[in-house]
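Structural description and commentary
Chain by chain, the residues:
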Amino acid sequence: MITIVGPTASGKTRLAVDIALAFDTEIISADSRQVYKGMTLGTGKDLEDFVVRNDAGEVVKTIPCHLYDIREPGYKYSIYEYQQDFHRVYNDMLNRGKLPVLCGGSGLYVESVLRGYEMHEVPENPELRAQLEGKSLAELTEILKGYKTLHNQTDTDTAKRAIREIEIRDYYKTHAEQLTGYPAVKSLVVGIDIERELRRAKISKRLRERLDAGMVEEVRGLLDGTSGYNPVPAENLIYYGLEYKFLTLYVTGQLSYEEMVRQLEIAIHQFAKRQMTWFRGMEKRGTHIHWIDASVDPKEKVELVKNLYEQFLNDK
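The following paragraphs examine the structure supplied in this document. Note on numbering: residues in each chain are counted from 1, in written sequence order. In keeping with the predicted nature of the model, local features appear solely for residues at pLDDT of at least 70, side-chain atom pairs appear and are counted solely at 80 or more, and the whole-chain, interface and lining totals rest on all residues. Side-chain numbers here rest on the full set of heavy atoms in the structure, without hydrogens or water.

1. What to know about the overall build of the protein chain
Inclusion rule: Strands here are runs of E lasting at least two residues and helices are runs of H or I lasting at least four, both read from the DSSP assignment and numbered beginning at the N terminus. In this setup the radius of gyration rests on C-alpha atoms only. A globule is expected at 2.2 Å times the number of residues raised to 0.38. Exposure categories follow from relative accessible area, calculated using a 1.4 Å probe and restricted to protein chains: below 20% of the type maximum is buried, above 50% is exposed, and the middle band is partly exposed. Reported accessibility uses the Shrake-Rupley method at a 1.4 Å probe radius. Residues are deemed covered only where the shown protein chains occlude them. Just so you know, the count uses Lys and Arg for positive and Asp and Glu for negative, and it drops His and the chain ends. Taken as the charge centre is NZ of Lys, CZ of Arg, CG of Asp or CD of Glu, depending on the residue.
Scanning the protein chain from terminus to terminus reveals 12 helices and 10 strands. What you see for the protein chain is a C-alpha radius of gyration of 20 Å, in line with the 20 Å of a compact globule of 316 residues. Taken over the C-alpha atoms alone, the protein chain extends approximately 55 × 45 × 35 Å along its principal axes. For the protein chain, the proportion of its 316 residues judged to be buried stands at 51%. Accessible surface, the protein chain as shown: approximately 15,300 Å² in total, 48% of it carbon and sulfur. For the protein chain, the separation between the mean place of its 43 positive charges and that of its 48 negative charges on side chains is 2 Å.

2. Side note on the packing of aromatic side chains
Definition in use: Stacked, edge-to-face and tilted labels apply to pairs of Phe, Tyr and Trp rings (six-membered ring for Trp) whose centres lie within 6.5 Å, assigned for plane angles under 30 degrees, over 60, and everything in between, in that order. Look at NZ for Lys and CZ for Arg. If either is within 6 Å of the ring centre and within 35 degrees of the ring normal, a charge sits over the ring.
Counted according to the given criterion, the structure contains 10 aromatic pairs. Cluster of aromatic residues (ring-pair linked, three or more members): Tyr 36, Tyr 239, Tyr 240 and Tyr 244. Lying over the aromatic face of Trp 291, Arg 280 brings its terminal NZ or CZ to 4.6 Å of the ring centre. A cation over an aromatic ring shows up here: Arg 285 above the ring of Trp 278, its NZ or CZ 5.3 Å from the ring centre.

3. A word on the side chain of Asp 85
Tracing the sequence through the fold places Asp 85 in helix α2 (residues 79-95). By relative accessible area, which is 8% here, Asp 85 ends up buried.

4. Quick word on the pairing of strand β4 (residues 59-62)
Walk down a regular strand and you will see the side chains alternate between the two sheet faces. As a reminder of what qualifies: We call two strands paired when DSSP finds no fewer than two bridges between them.
Sheet analysis places strand β3 (residues 51-53) next to β4, joined by 3 bridges and oriented antiparallel. Across the sheet, residue Val 51 finds its bridge partner in β4, namely Thr 62. Connecting β3 to the next strand, β4, in antiparallel fashion are 5 residues, including Gly 57 with a positive phi near 85°.

5. Concerning the sheet that holds strand β6 (residues 101-103)
Put simply, the rule reads: Contacts are assigned to residue pairs that have any heavy atoms within 4.5 Å of one another. To obtain each axis, a line is fitted to C-alpha atoms, and for helices this fit is confined to the stretch in contact; angles are then taken between N-to-C directions over 0 to 180 degrees.
The 6 strands lie next to each other as β5-β2-β6-β1-β9-β10, forming an open sheet whose pairing is parallel. The two strands at the open ends of the sheet, each matched to only one other strand, are β5 (65-66) and β10 (290-293). Examined bridge by bridge, strand β1 (residues 2-5) and β6 share 3 bridges and lie parallel to one another. Each residue of the ladder has a partner; that of Ile 2, found in β6, is Val 101. Helix α11 (residues 257-284) rests against β1, β9 (188-193) and β10 of the sheet, and its axis sits at about 140° to β10.

6. Section: unusual backbone geometry
Backbone phi values are negative for most residues with the exception of glycine, while trans is the configuration of most peptide bonds. Despite not being glycine, Ala 9 shows a phi value in the positive range, around 70°. Tracing the sequence through the fold places Ala 9 in the loop between β1 and α1 (12-22). Within the chain, Asp 69 stands out as a residue other than glycine whose phi angle is a positive 55°. One can find Asp 69 in the loop between β5 and α2. Taking relative accessible area as the criterion, Asp 69 reaches 34% and is therefore assigned partly exposed.

Okay, here's the thing in structure tokens:
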């Protein structure tokens, strides 16, 4: 397998598409929110990136991307389900003679596949939830720190998320550890290394483009059910964090438009920084990532990955 990682707005999707085109293959998404139908702009699916056009602008090919749009909005997808879905698609691609290209910014999803973590479906714990109910987000965060180091602050984005994360961690502590269950997948791992100020500029530009493209209307449609799916309660949409948190607060009158944009932009910058922290942590935990400068010409990037993959096969 070839795996492409990087922070948001780094250009990893574009590289994955170029690699898939070069190897005549398909992409598997590793993103915790792009699994949801009707949540396109807010999750940055960049569907146009998968469309390959000739010099005249005519569509030549559309690269398939698996694990997009596989759950209804409002559903709470788990990493346990992701592993099952990933291995189903991965094995199908291998059986069809296709080289899987995994691409995404959800570090835990990527690492669970590469290292073969076994994750169990965690049931709700009514007794624990009753104990946690009414506690402030700060109190819940302190409780969660007793279970794990908080690398990913989205776990404590809302009280609801924090309670669920405590519930999951308590279950693993008393029932099961993260054991090697699924086989670890051998993969060349390539990271997009984007200079901090360029990353910030691209994030800000992309946010404004997505707002202009109708991201507010997308959130309104999810809330009132005009998106074609059952209405999603505001607290459930806020659960998804980032765009869906701040746009829901705006649509429900809790933030002004200007304040929503300001807070969301800051949150996305912080999220990109946390993504890079996770990827650096992956390296410390034994995953070798070959970093490629984001400013390198796209065709040169493809050649670099081709050479790295040939070397990867020889080293195996």
